[in-house]
Amino acid sequence: MLQHKIAELKKQKNAVILAHYYQIPEIQEVADYVGDSLGLSQKAAETDADMIVFAGVHFMAETAKILNPSKKVLLPDVNAGCSLAESCPPEAFQKFINSHPDHLVITYVNCSAEIKAMSDIVCTSSNAVAIVNSVPEDKPIIFAPDKNLGRYVMQETGRELLLWDGSCVVHEAFSADKLISLIQQHPDAKIIAHPESETHILKTANYIGSTAGMISFVKQHPEHKFIVATEAGILYKMQEAVPQATLIPAPAKEDNNCACSECAFMKMNTLEKLYNCLQMEAPEILVAEDIQNKALYPINRMLELSA
Ligand code: 13P
Ligand code: SF4
């Protein structure tokens, strides 16, 4: 069976498999660690494995490479990108920064290494509020690339942020109308949402947080029913953590080819590709040395502020 072969190869090569909650269940099962973006960065920073296989998307593997320049970092499908990262092209972002030279630049980890290299501090959905709060109040801040997370952070911190106009296709695919009728059908359900979702979805939520935060919240209310507004891959670990909870995925708009929201990029990784990538030690993720050096500082700032 492929999962056994992966476990064997991983041992032989002293590799670690890090997987995001949005990966397919078969991949989450063979991973050494499954987590949110902050947890995955922390694991990547502390691993003593020789090789990191990142079952996630490109920016996540790139972050692991920046933290481990001497290690081999592999991504099962090199085309596993991210709509949010793509919504922030480096040249345009450099111009944006240049036109606001007095601003501190905080970037959400869902961006390319080039964007991180232009940043002062990186953040994830689990520490964005704390990181913005760590900046002196009189310092103006550019927050990029996710405008939805940015609006949420503005509301939580009471700070004015200069936002980049980026977003995640998956979290913008939730239908507010369908969500409202679902809430009417299940008035006892708690709504939990990822802050990449749009403001009108977040307004309905009882809890807003990162994927790991959402799982912790569900664990604290094990007997409840939940409507879950994030990528459907999270349901696997969430249900495993709290088998008695009723989990209902938040509905996507008509034009989505899935009843729930799935990230096509996350789902590019398969068990076969994971096996092939470990065996061939490819595709390997590389980051140019100058970008690597510049991007390390804002990532380390985030890790220090989140320790
Ligand atoms: P977190 O798991 O850090 O909440 O991020 C969600 C996401 O969209 C990753 O691409
Ligand atoms: Fe990017 Fe959205 Fe997919 Fe996360 S869910 S990888 S933010 S496109």
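These numbers come from a predicted model, not from an experiment. (Residues numbered from 1 in each chain as written. Chains lettered and ligands numbered in written order. Predicted model: local features only at pLDDT ≥ 70, side-chain atom pairs only at ≥ 80, totals over all residues.)

Chemist: Report on the site of ligand 1, specifying residues and quantitative values.
Modeler: Taken together, Tyr21, Asp36, Ser37, Asn110, Thr124, Ser125, Cys168, His194, Glu196, Ser210 and Thr211 make up the full set of residues adjacent to ligand 1. Among the residues forming the shell around ligand 1, the class breakdown is two nonpolar, seven polar and two charged. (Near = placed C-beta within 6 Å. Nonpolar A, V, L, I, M, F, W, Y, C, P; charged D, E, K, R; others polar.)

Chemist: Could you give an account of the UniProt feature "binding site: iminosuccinate" (unreviewed entry) in the protein, with specific residues and numbers?
Modeler: As annotated by UniProt and renumbered to match this structure, "binding site: iminosuccinate" (unreviewed entry) occupies His20, Ser37, Tyr108, Val109, Asn110, Ser125, His194, Pro195, Glu196 and Thr211. By the secondary structure assignment, Asn110 is in the loop between strand E5 (104-108) and helix H7 (113-117). Owing to 28 C-beta atoms within 10 Å, Asn110 belongs among the buried residues under this scheme. Sequence-distant contacts of Asn110, defined by excluding residues within four places in its chain, comprise Phe59, Cys82, Leu84, Ala85 and Asp146. Mapped onto the fold, Glu196 is located in the loop between strand E9 (190-193) and helix H11 (199-202). For Glu196, the residues in contact, after removing those within four places along its chain, are Ser125, Asp146, Asn148, Leu149, Cys168 and His171. (UniProt positions renumbered as here; feature names shortened; annotations may be inferred. Helix = DSSP H or I, 4+ residues; strand = E, 2+ residues; numbered from the N terminus. Buried ≥ 20, exposed ≤ 12 C-beta atoms within 10 Å, placed from the backbone. Contact = placed C-beta atoms within 7 Å.)

Chemist: Let's hear about the sheet that holds strand E2 (residues 33-35): which residues, and what values?
Modeler: Across the sheet, which stays open at both edges, the four strands sit in the order E2-E1-E3-E4 with parallel pairing between neighbours. The sheet is open, and its two edges are formed by E2 and strand E4 (72-74), each paired on a single side. Between one strand and the next, the sheet's axes are offset by a mean angle of 20°, whatever the strand orientation. For strand E3 (residues 51-55) and E4, the ladder comprises three bridges, and the chain directions are parallel. The residue of E4 that forms the bridge with Met51 is Lys72. Strands in contact with helix H14 (residues 271-280) are strand E1 (15-20), E3 and E4; relative to E3, the strand with the most contacts, it is inclined by about 160°. (Pairing = 2+ DSSP bridges. Axes fitted to C-alpha atoms, helices over the stretch in contact; angles between N-to-C directions.)

Chemist: An account of the pairing of E1 is requested, with residue identities and associated values reported.
Modeler: Taken across its six residues, E1 has six buried, putting it largely inside the fold. Covered by surrounding structure in E1 are Ala15, Ile17 and Ala19 together with Val16, Leu18 and His20, the residues of both alternating faces. Across five bridges, the pairing between E1 and E3 is parallel. Its bridge partner being in E3, Leu18 is matched across the sheet by Phe54. Bridge count for E1 against E2 is three bridges, and the pairing is parallel. Its bridge partner being in E2, His20 is matched across the sheet by Gly35. What joins E1 to E2 is helix H2 (residues 25-30), and the crossover it makes is right-handed. (Right-handed = clockwise from strand over helix to strand, strands pointing away.)

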